[in-house]
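Structural characterization, general
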Amino acid sequence: MKIETYHTYKEIKSQTIAWAQALDVTSASNLPKAGDYDQVIFTGCGSTYYLSLSAAAMYQELTGRSARAVPGGELLLNSQTVVSRIGNPTYKTLLVAISRSGTTTETVKAVEKFKQEKRGDVVVITNYDEVLSRMADVNIVIDKGQEESVAQTRSFASMYVAVMAFCARMAGRDDLLSAMSQLPVIGNLVMDKYEGYAKELGENLNFDRFYFLGSGIRYGLACEVNLKMKEMTLTHSEPFHFLEFRHGPMSMVGASSAVCGLLSELNRVHEAKVLSEMRMLGGTVASFGESDADVCFESNIPESVRGVLYLPILQLMSFYRSLAKGLNPDCPTNLTAVVKLDF
Ligand code: F1P
């Protein structure tokens with residue numbers, strides 16, 4: 001079968017169109033003011049929970065106000081561990097619910113409960129104008145991110161760009177928003193230049209385990225690309241913060257390990273040191289970053305808003321590995337596109 005016939009391949013390769021739409025839609029939305037909220041919570045399930053991890057880190061980095069991420073199921077079942085305020089009616093929370101489908105039961109029910117209890121306002125970031133959108137005070141829909149595949153690739157990246165633009169706007173950073181307009185062009189260049197590298201790494205079946213290292217706003221991305229590896233290729237894979245990797249997990253590194261590092265510019269010295277230690281232990285290292293890495297973005301876009309550039313090559317790596325293992329990347333084992341529960 002030709003690779004172009006796989007939905008996953010077409011969705012990965014066409015994702016920058018959805019990035020551009022995400023920027024347009026988010027720039028045009030009528031957002032609330034960061035100063036109006038005492039607490040900000042980002043929520044989602046699976047990929048969109050991982051997106052929430054990056055979003056909360058980014059929100060805090062750009063606005064200086066604290067934010068946290070929580071899985072939809074936790075917000076629903078253990079909201080007392082997440083939502084502050086009990087006893088203080090003036091304490092206001094902003095909930096940002098992220099979901100490709102807009103119909104995942106845990107996320108929908110968690111938002112429903114949040115609204116019923118009058119905890120605060122709700123922003124929805126999604127690819128489908130669905131039931132979740134009906135509960136939104138601000139509804140950001142990127143329909144060009146919709147997809148046929150079960151595993152999220154284009155959708156995730158489009159919502160990631162929307163989240164970054166949302167955080168930049170909440171922080172009043174128009175300079176970052178305008179820098180982001182270059183992302184689609186750079187994303188296409190990165191894919192053209194490094195698809196061969198993604199294929200070579202992905203098709204190497206000598207690897208039986210993958211580790212994805214990312215810190216700060218990149219940790220959620222490391223979690224997401226780790227999930228792609230699991231869903232599409234059924235390979236053992238785990239995400240870690242860079243410095244955490246030395247605290248035990250590196251025992252697992254050897255000749256059959258691939259260690260993929262999502263390098264930052266700010267902490268590059270410390271992160272690159274972890275990678276070179278893993279190379280000394282016999283692992284194969286693949287580094288991703290703005291410059292001086294195996295995959296270089298050369299974007300000149302500020303670090304805080306260029307994170308989406310890590311995604312396409314790592315998604316392609318899982319796509320090619322899936323094919324090399326004789327699997328169908330469009331239909332991961334045991335998975336459905338949406339988890340709907342009878343609550
Ligand atoms: C979330 C999600 C996906 C995952 C799987 C089940 O869906 O967990 O991330 O890949 O297919 O659903 P959504 O709420 O973002 O639509």
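Structure: see above.
For the structure given in this document, a descriptive report is provided here. (Residues numbered from 1 in each chain as written. Predicted model: local features only at pLDDT ≥ 70, side-chain atom pairs only at ≥ 80, totals over all residues. Heavy atoms only, no water.)

What about the sheet that holds strand E7 (residues 236–240)?
With parallel pairing, five strands are arranged side by side in an open sheet as E7-E6-E8-E9-E10. Because the sheet does not close on itself, it has two edges, and the strands there are E7 and strand E10 (295–296). Alignment of strand E8 (residues 257–262) against strand E9 (residues 284–289), held across five bridges, turns out to be parallel. Note that in E9 the partner of Leu262 across the bridge is Phe288. Lying on the sheet, helix H11 (residues 311–324) is in contact with strand E6 (209–213), E8, E9 and E10; it crosses E6 at an angle near 170°. (Pairing = 2+ DSSP bridges. Helix = DSSP H or I, 4+ residues; strand = E, 2+ residues; numbered from the N terminus. Contact = heavy atoms within 4.5 Å. Axes fitted to C-alpha atoms, helices over the stretch in contact; angles between N-to-C directions.)

Description of the site of the ligand
As a structural note, the neighbourhood of the ligand is formed by 14 residues, with Ser99, Arg100, Ser101, Thr104 and Gln152 the closest of them. Between the ligand and Cys45 there is a distance of 3.3 Å, counted from an oxygen atom to a backbone nitrogen or oxygen. Summarising the interface, the protein chains cover 95% of the accessible area of the ligand, which totals 390 Å² for the free molecule. Taken together, the residues of the shell around the ligand sort by class into four nonpolar, eight polar and two charged. (Near = heavy atom within 4 Å. Polar contact = N/O pair within 3.5 Å; in protein donor to acceptor, adjacent residues only side chain to side chain. Areas by Shrake-Rupley, 256 points an atom, 1.4 Å probe, with all protein chains shown as cover. Nonpolar A, V, L, I, M, F, W, Y, C, P; charged D, E, K, R; others polar.)

Details of the environment of Tyr9
Along the polypeptide, Tyr9 turns up in helix H1 (residues 7–13). When its relative accessible area of 8% is taken as the criterion, Tyr9 is described as buried. Sequence separation between Tyr9 and Arg154 is 145 residues; the distance between their C-alpha atoms is 9.8 Å. Excluding residues within four positions of it along the chain, Tyr9 makes contact with Ile3, Glu4, Glu195, Leu316, Phe319 and Tyr320. (Buried < 20%, exposed > 50% of the residue type's maximum accessible area, 1.4 Å probe, protein only.)

Quick look at the environment of His247
Take His247: it is sitting in the loop between E7 and E8. Sequence separation of His247 and Tyr211 is 36 residues, and the distance between their C-alpha atoms is 14 Å.

Considerations on the pattern of salt bridges
Following the criterion strictly, the structure yields 20 salt bridges and no others. In this structure, the salt-bridge partner of Lys115 is Asp137, at a minimum N-O distance of 3.4 Å. Of the two residues, Lys115 sits in helix H5 (residues 105–116) while Asp137 sits in the loop between strand E4 (120–126) and strand E5 (138–141), which places them 22 residues apart along the sequence. The exposure class of Lys115 is partly exposed, given its relative accessible area of 29%. Glu277 is paired through a salt bridge with Lys273; the nearest N and O atoms lie 3.6 Å apart. Here Glu277 pairs with Lys273, and both are found in helix H10 (residues 268–280), just four residues apart, close to one helical turn. Taking relative accessible area as the criterion, Glu277 reaches 24% and is therefore assigned partly exposed. On the basis of relative accessible area, Lys273 is assigned to the partly exposed category, the value being 49%. Put simply, Glu265, Glu290, Glu303 and Arg306 are held in one network by salt bridges that share partners. (Salt bridge = Lys/Arg side-chain N within 4 Å of Asp/Glu carboxyl O.)

Geometry only, nothing functional implied.
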